[in-house]
Amino acid sequence: MTAGSAPTPISVLLPMYNGEAYLGEQVRSILAQEGVDVRLFIIDDCSRDGSLALADSLASEDKRITVLENSKNRGLIGTLDRLLSLVKTPYFSLSDQDDIWDPGKLRTSIDFLESNGHELVYSDVRIVDEAGREQTTSYLTSRKIRPIEGRDPVPFVFRNPAAGHTIVARREVAERARPMPSDLVFHEAWLVAAACSRGSVGFVPDGPLGSYRMHASNVVGLTDGGILQKALRILLNRANLTKRERIRAGAVRSLARVDPTLSEVAACYVATGLKRLTYIPRHVRFLLVRNRQAGLRSVAVEAATYALGAFAARGTTEERRVENRTANRSV
């Protein structure tokens, strides 16, 4: 933003569910953003605490806040899809209900996006505890995750560095991302894919730009150790392996709807037993070509967990039918 120019309009999208404890502090940090004209949209997903009353109170004090309610619980993906439909400004950003943003977060992200011609950018955050005390200066470093850039969404499926609450993107990405598939588990790779269908994704190096609060109710928590320690935890716990396999399968199937080259990979993830083992060479080639940015250790871990997935539990008969129907439509 040049001196004397009007602040840049941006929509901040905040899905809310039982977030009363930390909502006020996060909203204040959003409204305190410098060099931007914030339009904050909050949708309450049938909270059972005082979240809605608090949000309404905050909105009565500041006209930049719009509070809406879901008539029934739609979950994170359904709520995000509704929020994306509200974006009318040139840019939008996602927000959690319990974090704290640095005052320059949005301005820095928009400037980096524009100067590099990206469609979507993301940044690093520091980790704080429930009381806001710093635990580590970098979320990405603590999890040994490499920043990824470019026009391929695939690495974001397997080793995602783009935490949703750090994403800032153009309005056209919100339009391209809708409707969001109802079977998504995590939304980041889907938004990245929408951005990649139009251009590139970038990592803002001027970080961290906010604080990620860790507490008992986080949807995604902080995992200690690097990728090898994480892999060991997965491999030694069949339930973890099964959960990981279903998340991977769902993400790849979803992306296959916008990237037909992933259809064959989506079918590979449905295979079990010896049939899956025959797919291993093809899967390794896919990882080496499409997931190289995440690093060779990540490739090795993904290949190993895919192979062991041949012996993972596949869920109920109806779940398997759904998986196969989806894979067949992709192919």
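So, how was this worked out
- Residues numbered from 1 in each chain as written.
- Predicted model: local features only at pLDDT ≥ 70, side-chain atom pairs only at ≥ 80, totals over all residues.
- Heavy atoms only, no water.
- Helix = DSSP H or I, 4+ residues; strand = E, 2+ residues; numbered from the N terminus.
- Pairing = 2+ DSSP bridges.
- Axes fitted to C-alpha atoms, helices over the stretch in contact; angles between N-to-C directions.
- Contact = heavy atoms within 4.5 Å.
- Patch = residues over 30% accessible without salt bridge, like charges linked within 9 Å, V, L, I, M, F, W, Y side chains within 5 Å.
- Areas by Shrake-Rupley, 256 points an atom, 1.4 Å probe, with all protein chains shown as cover.
- Salt bridge = Lys/Arg side-chain N within 4 Å of Asp/Glu carboxyl O.
- Expected span 1.5 Å × (residues − 1).
- Buried < 20%, exposed > 50% of the residue type's maximum accessible area, 1.4 Å probe, protein only.
- pLDDT = per-residue confidence, 0-100.
- Phe/Tyr/Trp six-rings, centres within 6.5 Å; stacked < 30°, edge-to-face > 60°.
- Lys NZ or Arg CZ within 6 Å of the ring centre and 35° of its normal.

Caption draft 1: Fine view of unusual backbone geometry. Between Arg-178 and the following residue, Pro-179, the backbone shows a cis peptide bond with an omega angle of -5 degrees. Tracing the backbone through its elements, the reader meets Pro-179 in the loop between helix H7 (171-177) and helix H8 (188-196).

Caption draft 2: Representation of the sheet that holds strand S10 (residues 201-203) within the structure. Strand order in the open sheet formed by seven strands is S3-S2-S1-S4-S9-S6-S10, with mixed pairing between adjacent strands. Every interior strand has two partners, whereas the edge strands, strand S3 (65-69) and S10, have only one. Between one strand axis and the next, the sheet turns by 20 degrees as a mean value, whatever way the strands run. With three bridges joining them, strand S6 (residues 120-122) and S10 adopt parallel strand pairing. Following the sheet pairing, Tyr-122 is matched in S10 by Phe-203. Running over the sheet, helix H3 (residues 75-84) touches strand S1 (8-16), strand S2 (36-44), S3 and strand S4 (91-94) and is turned about 155 degrees from S1.

Caption draft 3: Main features of a nonpolar patch on the surface. A cluster of nonpolar side chains, namely Leu-288, Val-289 and Leu-296, defines an oily patch on the protein surface of about 290 Å² accessible area. Note on placement: Leu-288 falls in helix H13 (residues 280-290).

Caption draft 4: Broad picture of helix H1 (residues 20-31). With 12 residues, H1 extends 17 Å from end C-alpha to end C-alpha; this agrees with the ideal 16 Å at 1.5 Å per step. Among the residues making up H1, those that are buried are Tyr-22, Leu-23, Gly-24, Gln-26, Val-27, Ser-29, Ile-30 and Leu-31. In this structure, the buried residues of H1 make contact with S1, S2, helix H2 (51-61), S3, strand S5 (100-101) and strand S11 (210-213).

Caption draft 5: Structural context of the confidence of the model for the chain. Mean pLDDT over the chain stands at 86; residues scoring 70 or higher make up 86%. Ignoring residues within four places in sequence, the model shows residues 219-224, a span with pLDDT below 50, making 15 contacts including any to other chains. Every residue in residues 315-331 is under pLDDT 50, and counting partners more than four places away or in other chains gives 22 contacts.

Caption draft 6: View of the packing of aromatic side chains. Inspection of every chain in the model, using the stated rule, returns five aromatic pairs. Judged by centre distance (5.7 Å) and plane angle (75 degrees), the ring pair of Tyr-139 and Tyr-212 falls under edge-to-face. Of this pair, Tyr-139 sits in helix H5 (residues 139-142) while Tyr-212 sits in strand S11, placing them 73 residues apart in sequence. When sorted by exposure, Tyr-139 lands in the same class as Tyr-212, which is buried. Among the aromatic residues, those joined into a ring-pair cluster are Tyr-122, Phe-156 and Phe-203. The aromatic ring of Trp-101 is capped on one face by Lys-105, whose charged end is 4.7 Å from the ring centroid. Directly above the aromatic system of Tyr-306 lies the positively charged group of Arg-276, at a separation of 4.3 Å from the ring centroid.

Caption draft 7: Spotlight on the side chain of Ser-109. Among the secondary structure elements, Ser-109 is positioned in helix H4 (residues 105-116). Owing to a relative accessible area of 1%, Ser-109 belongs among the buried residues under this scheme. Beyond its immediate stretch of four places on either side in the chain, Ser-109 contacts Val-121, Val-168, Val-204 and Leu-209.

Caption draft 8: Looking closely at the environment of Gly-207. Tracing the sequence through the fold places Gly-207 in the loop between S10 and S11. Looking at Gly-207, the relative accessible area reads 39%, which means it is partly exposed. Each C-alpha atom, one on Gly-207 and one on Arg-126, is 8.8 Å from the other, the two residues being 81 residues apart in sequence.

Caption draft 9: Focus on H4. Taking 1.5 Å as the rise per residue, H4 with 12 residues should run 16 Å; its terminal C-alpha atoms sit 17 Å apart, in good agreement. Here H4 has its buried residues at Lys-105, Leu-106, Arg-107, Ser-109, Ile-110, Phe-112 and Leu-113. Just past H4, the residue Gly-117 takes up positive phi, approximately 70 degrees.

Caption draft 10: Expanded view of the pairing of S11. Of the two faces of S11, the one holding Gly-210 and Tyr-212 and the one holding Ser-211 and Arg-213 are both buried throughout. Sheet topology places S5 next to S11; two bridges connect them, and they run antiparallel. Opposite Trp-101, over in S11, you have Gly-210 as the bridge partner. Where strand S7 (residues 126-128) meets S11, three bridges bridge the pair, whose relative direction is parallel. Bridge pairing in S11 places Val-128 opposite Arg-213.

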